[in-house]
Amino acid sequence: MNQFKTIEIKESIYKNNDMEAEKLRNKLKVNNKFLLNLMSSPGAGKTTTLLRTIEKLKNSIKIGVMEADIDSDVDAKTISKTGVKTIQLHTGGMCHLDAKMTSEGLDNLGILNLDLIVLENVGNLVCPAEFDTGATKNAMILSVPEGDDKPLKYPLMFKVSDVLLINKIDTLEFFDFDMEVIYKRAKKLNPNIKIFPISACSGEGIEAWTNWLKTEVLEIKR
Ligand SMILES: Nc1nc2c(ncn2[C@@H]2O[C@H](COP(=O)(O)OP(=O)(O)OP(=O)(O)O)[C@@H](O)[C@H]2O)c(=O)[nH]1
Ligand SMILES: [Mg+2]
């Protein structure tokens, strides 16, 4: 039997998403909960990075995960094996989550005993950038095979993200991907963006990323 629930969530008809998102962010802060919205194109490595992150942090931080997908529960199955509280959200065809949908997901997950909740958003570099989920921080993953031109093509995603994880650096030798160029392009769009080059497969760079995340999660409790 599956260790997680699956919830069908509908697009909210609530127009004022920004207001709703701000309300959720404040509620999370008051309750000392940190919600990380993890975004990327399909296959950039959200689930693999999450597995590494859970492995590093689960002994010191209580983690819960919401897996959002149009359909399927492949990722929820993978994540639930780590033993962290997991829920699958089906968006019914929608390519993003808004604040109301996120809030509904959190209610179903049950966050009373959690410090960090990670939302693995639907794989897409466009729609999730347009809808504030109410998360404490937004993190995006760009993987090396996708190319260093992505800030030029999908600037909003880089603008709304607090963190950029450059994943699959173990493949750098096979691709024409310029690290210096990607830093320049991302920082031009968002001077405050934190950048961590990682390989979710080899584990390279994961320590710096999880140290940053842990500090942020503990900070919200102060
Ligand atoms: N070489 C290499 N492959 C990776 C790395 N991280 C992930 N992958 C591979 O990339 C593929 C996609 O990884 P996922 O973690 O499923 O990506 P995702 O972003 O969760 O995908 P969706 O949920 O479908 O959007 C898998 O075959 C992973 O093994 C990495 O650091 N290096
Ligand atoms: Mg995934």
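Before any of the text, the structure's been laid out above.
Just so it is clear, the model here is predicted, and its values are computed rather than measured.

## Some thoughts on the overall build of the protein chain
Part 1 of the reasoning: Across its full length, the protein chain carries nine helices and eight strands.
Part 2 of the reasoning: Taking 17 Å as the expected radius of gyration for a compact globule of 222 residues, we find that the protein chain reaches 16 Å, a close match to that expectation.
Part 3 of the reasoning: Referenced to the eigenvectors of the C-alpha coordinate spread, the extents of the protein chain come out at roughly 45 × 40 × 40 Å.
Part 4 of the reasoning: For the protein chain, buried positions account for 52% of its 222 residues.
Part 5 of the reasoning: Put simply, 76% of the contacts in the protein chain that link residues at least 6 apart link residues at least 24 apart.
Part 6 of the reasoning: Surface summary for the protein chain: the accessible area is close to 10600 Å², and the carbon and sulfur share equals 52%.
Part 7 of the reasoning: Counting 30 positive and 31 negative side-chain charges, the protein chain places the averaged centre of each group 5 Å from the other.

## Focus: the pairing of strand E4 (residues 85-90)
Part 1 of the reasoning: Counted residue by residue, E4 has five buried out of six residues, so it is predominantly covered.
Part 2 of the reasoning: Both strand E1 (residues 5-8) and E4 contribute to a ladder of four bridges, which runs parallel. The partner of Glu8 across the bridge, within E4, is His90.
Part 3 of the reasoning: Sheet topology note: the strand E3 (residues 63-69)/E4 ladder contains six bridges and is parallel. Along E4, the bridge assignment pairs Gly64 with Lys85.
Part 4 of the reasoning: Between the parallel elements E3 and E4, the chain passes through helix H3 (residues 74-80) in a crossover that is right-handed.

## Thoughts on the sheet that holds strand E5 (residues 116-120)
Where strands meet in a sheet, backbone hydrogen bonds hold them as pairs that are either parallel or antiparallel.
Part 1 of the reasoning: The strand order across the open sheet built from eight strands is E1-E4-E3-E5-E2-E6-E7-E8, with neighbouring strands paired in parallel fashion. Edge positions in the open sheet fall to E1 and strand E8 (194-197), since each of these has one partner strand only. Between one strand axis and the next, the sheet turns by 20° as a mean value, whatever way the strands run.
Part 2 of the reasoning: Lying on the sheet, helix H8 (residues 179-189) is in contact with strand E6 (137-143), strand E7 (163-167) and E8; it crosses E8 at an angle near 155°.

## As for the environment of Lys214
Part 1 of the reasoning: Turning to its location among the elements, Lys214 is positioned in helix H9 (residues 206-219).
Part 2 of the reasoning: Given the relative accessible area of 31%, Lys214 is considered partly exposed.
Part 3 of the reasoning: For Lys214 and Tyr183, which are 31 residues apart along the polypeptide, the C-alpha to C-alpha distance reads 23 Å.
Part 4 of the reasoning: Other than its neighbours up to four places away in sequence, Lys214 contacts Leu57, Ser60 and Ile61.

## A look at the site of ligand 1
Part 1 of the reasoning: Every one of the 18 residues lining ligand 1 counts as a neighbour, but Lys46, Thr47, Thr48, Asp170 and Ala200 are closest to it.
Part 2 of the reasoning: A distance of 2.7 Å separates an oxygen atom of ligand 1 from a polar side-chain atom of Lys46.
Part 3 of the reasoning: Cys201 places a polar main-chain atom, nitrogen or oxygen, 3.2 Å from an oxygen atom of ligand 1.
Part 4 of the reasoning: Computed on the free molecule, ligand 1 has an accessible area of 650 Å², of which 68% lies beneath the protein chains in the complex.
Part 5 of the reasoning: Sort the elements by how many residues they give to the shell around ligand 1 and helix H2 (residues 46-57) lands first, with three residues.

Definitions and cut-offs
Residues numbered from 1 in each chain as written. Chains lettered and ligands numbered in written order. Predicted model: local features only at pLDDT ≥ 70, side-chain atom pairs only at ≥ 80, totals over all residues. Heavy atoms only, no water. Helix = DSSP H or I, 4+ residues; strand = E, 2+ residues; numbered from the N terminus. Rg over C-alpha atoms; globule rule 2.2 N^0.38 Å. Buried < 20%, exposed > 50% of the residue type's maximum accessible area, 1.4 Å probe, protein only. Contact = heavy atoms within 4.5 Å. Areas by Shrake-Rupley, 256 points an atom, 1.4 Å probe, with all protein chains shown as cover. Lys, Arg positive; Asp, Glu negative; His and termini not counted. Charge placed at Lys NZ, Arg CZ, Asp CG, Glu CD. Pairing = 2+ DSSP bridges. Right-handed = clockwise from strand over helix to strand, strands pointing away. Axes fitted to C-alpha atoms, helices over the stretch in contact; angles between N-to-C directions. Near = heavy atom within 4 Å. Polar contact = N/O pair within 3.5 Å; in protein donor to acceptor, adjacent residues only side chain to side chain.

Keep in mind these values describe shape, not function.
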